[in-house]
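Chain by chain, the residues:
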Amino acid sequence: MDTCSLTAKQCTPCQGGIPPLTEEEAGKLRVHVPQWEFKDAATKLKRTFRFKNFMEALDFARKVGELCEAEGHHPDIGIGWGYCRVEFQTHKINGLHENDFIMAAKVDELSGET
């Protein structure tokens, strides 16, 4: 599976009741989104995007929000002067799911840095 394969997928609703990916399983998917890092014992996936100013960061955050709303999988987003931080976790399972990697790949594609 490559990044293109991830971006071709759609997020599937997670109803909970399934275990999150193990760190080893998540590591195999993270290969496809190498600029993202694990956070909190591999229960979250995080990346900080850099921009020239606040308005570019704000515009990117808006685009990420629109993409995520369309997919039904919502990240935590933080913005400030020159940066936008995006963090995915499947809250219903308190860890990572394939959906988080699908969305990370789609956000990379949105940034133009695939």
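What you see is a predicted model; the values in this text were computed from it and never measured.

Evaluated as defined, the whole model comprises four aromatic pairs. With a centroid separation of 5.8 Å and an interplanar angle of 40 degrees, the aromatic rings of W36 and F88 are classed as tilted. Pair noted here: W36 is in the loop between helix 2 (23-30) and strand 1 (37-39) and F88 is in strand 4 (residues 83-88), with a separation of 52 residues, a long-range link. Judged by its relative accessible area of 0%, W36 is buried. Look at F88 and you get buried, because its relative accessible area is 1%. Pairing F49 with F60 gives two aromatic rings, centres 4.8 Å apart and planes at 50 degrees, and the pair type is tilted. Of this pair, F49 sits in strand 2 (residues 44-50) while F60 sits in helix 3 (residues 54-71), and the two are eleven residues apart along the sequence.

It is worth spelling out a nonpolar patch on the surface at this point. Among the surface-exposed residues, F54, M55, L58, I77, I79 and W81 lie close enough to one another that they form a single nonpolar patch of about 590 Å² accessible area. Where the nonpolar patch is concerned, the elements lending two or more residues are helix 3 and strand 3 (76-80). A total of three residues in the nonpolar patch trace back to one element, the largest contributor, which is helix 3. Summarising the element assignment, F54 is placed in helix 3.

Our focus in this paragraph is the sheet that holds strand 3. Working definition: the strands of a sheet are paired by backbone hydrogen bonds and lie parallel or antiparallel to each other. What the four strands build is an open sheet, ordered 1-2-4-3; its pairing is antiparallel. Looking at strand neighbours, the two that pair on one side only are strand 1 and strand 3, the edges of this open sheet. Adjacent strand axes in the sheet meet at a mean angle of 25 degrees, parallel and antiparallel pairs treated alike. Along the sheet face, helix 4 (residues 98-111) touches strand 1, strand 2 and strand 4 and points at about 5 degrees away from the line of strand 2.

Where strand 2 lies against strand 4, six bridges are found, and the strand directions are antiparallel. Within strand 4, the residue paired with K46 across the bridge is E87. Relative to strand 4, strand 3 runs antiparallel, the two being bridged by five bridges. Of the residues in strand 4, the one forming a bridge with G80 is Y83. As consecutive antiparallel partners, strand 3 and strand 4 are separated by two residues, and within that stretch G82 has a phi angle of approximately 85 degrees, a positive value.

Conventions we followed
Residues numbered from 1 in each chain as written. Predicted model: local features only at pLDDT ≥ 70, side-chain atom pairs only at ≥ 80, totals over all residues. Heavy atoms only, no water. Phe/Tyr/Trp six-rings, centres within 6.5 Å; stacked < 30°, edge-to-face > 60°. Helix = DSSP H or I, 4+ residues; strand = E, 2+ residues; numbered from the N terminus. Buried < 20%, exposed > 50% of the residue type's maximum accessible area, 1.4 Å probe, protein only. Patch = residues over 30% accessible without salt bridge, like charges linked within 9 Å, V, L, I, M, F, W, Y side chains within 5 Å. Areas by Shrake-Rupley, 256 points an atom, 1.4 Å probe, with all protein chains shown as cover. Salt bridge = Lys/Arg side-chain N within 4 Å of Asp/Glu carboxyl O. Pairing = 2+ DSSP bridges. Axes fitted to C-alpha atoms, helices over the stretch in contact; angles between N-to-C directions. Contact = heavy atoms within 4.5 Å.

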